[in-house]
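Take a look at the letters that make up each chain.
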Amino acid sequence: MERVPIIKIGQVLFVSIQIDLQDDSVLQLQEDLADELAVTKARGVIIDITAVEIVDSFIGRMLTMIGSMSRLFDAETVLVGMRPAVAITLTELGLTLPGVRTALNAEKGMRLLGGSV
Amino acid sequence: MDDQPIKSGDDVVRVRQLVRTAAAAGGLSLVDQTKLVTAASELARNALVHGGGGAARVEAITAANGRRGIRVTFTDSGPGIPDLEMALTDGWTTGGGLGLGLSGARRLVDEFSLTSEPGAGTSVVVSKWSR
């Protein structure tokens, strides 16, 4: 199983998913983020899915859970870089990712967090 | 094409890649490729989690009118689905998920057929046509 790295930039944890996600990698990412949030006391999480070709119901549910979990650590999660084809597919699948904020790219995501970090 | 076994999370990723390659070669648009790969991901996971493992077969197909498409067949020899109508309802789940896997996969493809017999496994065939 491949692991997704987490990079701390100031008060923000930056996650760029560059691998073909399998379920175990997403579960591991959730655990790693919880640990990092507890240790670093970061106030924001940016998850960049520019390179992610599909988000299915499992991956979508995990992204929602990461958003809820971050809030328990007083951190805001922003999902950035969703491909148009992924957005269309997610909508048709019926997944709306409740509670997860989105931005078009990492820069806009950072700006969105600017107010809260 | 040979059957791709589905025995681990890595195999689910492999099925996605096989379907992506076939869908791109079969002339599907990027959005249709993404829909088919997403549906395949749901169905491969179902075969793994609920069927105790299975196999997928990816085929290029041509309709009588010359239209090209991709067909993917998933089989498992798991416990089967006792109530198909329930299983295809949004929000119905046995796996603790959102219950969108099977019903969502059906929405993402052009053709969907499911056969299942309690105790004898499940087979799902999906197709997507180029436009």
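Everything below is about the structure printed above this text.
All figures in this text were calculated on a predicted structure; none of them were measured in a lab. (Residues numbered from 1 in each chain as written. Chains lettered and ligands numbered in written order. Predicted model: local features only at pLDDT ≥ 70, side-chain atom pairs only at ≥ 80, totals over all residues. Heavy atoms only, no water.)

(A) Summary view of the packing of helix α3 (residues 84–93) of chain A against helix α2 (residues 30–49) of chain B. At their nearest, the axes of α3 of chain A and α2 of chain B sit 9 Å apart, and the two run at 50° to each other. On the basis of their axis angle, the class for α3 of chain A and α2 of chain B is oblique. The two elements α3 of chain A and α2 of chain B meet at a crossing, and its hand is right-handed. Contact with α3 of chain A, carried on its side by A85, V86, I88, T89, E92 and L93 of chain A, involves L30, V31, T34, K35, T38 and E42 of chain B of α2 of chain B and no other residues of that element. For the contact of α3 of chain A with α2 of chain B, the residue count by class is 6 nonpolar, 3 polar and 3 charged. (Axes fitted to C-alpha atoms, helices over the stretch in contact; angles between N-to-C directions. Helix = DSSP H or I, 4+ residues; strand = E, 2+ residues; numbered from the N terminus. Parallel < 35°, antiparallel > 145°, perpendicular 65-115°, else oblique. Left-handed = near helix turned anticlockwise from the far one by under 90°. Contact = heavy atoms within 4.5 Å. Nonpolar A, V, L, I, M, F, W, Y, C, P; charged D, E, K, R; others polar.)

(B) Seen up close, the sheet that holds strand β3 (residues 44–48) of chain A. All names here are of chain A. Strand order in the open sheet formed by 5 strands is β1-β2-β3-β4-β5, with mixed pairing between adjacent strands. Edge positions in the sheet fall to β1 (6–9) and β5 (101–103), since each has one partner strand and no second. Strand after strand, the sheet turns through a mean of 25° between neighbouring axes, direction not considered. Judged from the 3 bridges that link them, strand β4 (residues 76–80) and β5 form a sheet pairing that is parallel. Bridge assignment links V78 to a residue of β5, and that residue is R101. Relative to strand β2 (residues 12–16), helix α1 (residues 23–40) is tilted by about 160°, and along the sheet it contacts β1, β2 and β3. (Pairing = 2+ DSSP bridges.)

(C) The packing of helix α1 (residues 9–25) of chain B against α2 of chain B, seen in detail. All names here are of chain B. Running from N to C, α1 and α2 point in directions that differ by 150°, and their axes come no closer than 9 Å. Classified by the angle their axes make, α1 and α2 are roughly antiparallel. The element α1 and its partner α2 pack so that their crossing is right-handed. Listed contacts from α2 to G9, V12, V15, R16, V19, R20, A23 and A24 of α1 are L30, Q33, T34, L36, V37, A40, S41, A44, R45 and L48. Classifying every residue of the contact of α1 with α2 by side-chain character gives 11 nonpolar, 4 polar and 3 charged.

(D) Fine view of the pairing of strand β2 (residues 54–62) of chain B. All names here are of chain B. The pairing of strand β1 (residues 4–6) with β2 spans 3 bridges and is classified as antiparallel. Its bridge partner lying in β2, P5 is registered against A55. In this structure, β2 lies alongside strand β3 (residues 68–76), joined through 9 bridges in antiparallel fashion. Directly across from T62, in β3, lies its bridge partner R68. Between β2 and β3, which pair antiparallel one after the other, the connecting turn spans 5 residues, and G66 there sits at a positive phi close to 90°.

(E) View of the side chain of D48 of chain A. Residues and elements named next belong to chain A. Its place among the elements puts D48 in strand β3. Buried and without a salt bridge, D48 has R83 as its closest oppositely charged side chain, separated by 9.0 Å. Side chain to side chain, D48 and S16 meet in a polar contact 3.5 Å long. Those residues in contact with D48 that sit more than four places away from it in its chain are F14, V15, S16, I17, V80 and G81. (Buried < 20%, exposed > 50% of the residue type's maximum accessible area, 1.4 Å probe, protein only. Lys, Arg positive; Asp, Glu negative; His and termini not counted. Salt bridge = Lys/Arg side-chain N within 4 Å of Asp/Glu carboxyl O. Polar contact = N/O pair within 3.5 Å; in protein donor to acceptor, adjacent residues only side chain to side chain.)

(F) Up close: the pattern of salt bridges. Summed over all chains, the structure comprises 17 salt bridges over all chains. Here D74 of chain A ties to R43 of chain A by a salt bridge, and the two come within 3.3 Å at their closest N and O atoms. In this pair, D74 of chain A is assigned in the loop between α2 (57–72) and β4 and R43 of chain A in the loop between α1 and β3, connecting sequence segments 31 residues apart. Relative accessible area serves as the criterion here: at 48%, D74 of chain A is assigned to the partly exposed category. We note a salt bridge from R131 of chain B to D32 of chain B, for which the minimum N-O separation is 3.0 Å. With R131 of chain B in the segment after β5 (121–129) and D32 of chain B in helix α2, the pair connects residues that are 99 residues apart, well separated along the chain. Judged by its relative accessible area of 67%, R131 of chain B falls in the exposed class.

(G) The nonpolar core, seen in detail. Residues I17 and I47 of chain A together with F74 and V126 of chain B are the most contacted members of the largest nonpolar core, which totals 63 residues. Judged by nonpolar contacts, the second largest core, of 7 residues, contains V12, F14, V78 and L113 of chain A. (Core = buried A, V, L, I, M, F, W, Y, C linked by side-chain atoms within 4.5 Å.)

(H) Expanded view of the interface of chain A and chain B. Between chain A and chain B, the contact holds 20 residues from the first and 24 residues from the second. Each partner contributes to the roughly 1900 Å² buried at the junction of chain A and chain B, and carbon and sulfur atoms together form 54% of this total. The largest share of the area that chain A buries against chain B comes from I54, E92 and L93 of chain A, three residues that together contribute 29% of it. Linking chain A with chain B are 5 salt bridges, by the criterion used here. Across the salt bridge formed by D56 of chain A and R45 of chain B, the nearest N and O atoms sit 2.8 Å from each other. For the pair chain A and chain B, the number of links is 12 residue pairs in polar contact (both at pLDDT 80 or more). By residue number, the principal contributor to the side of chain A that touches chain B is α3 of chain A, which donates 6 residues. Here the residues of the side of chain A that touches chain B are counted per class, giving 10 nonpolar, 4 polar and 6 charged. (Buried area = accessible area lost by both parts, 1.4 Å probe.)

Geometric descriptors of this kind do not, in isolation, establish any biological role.
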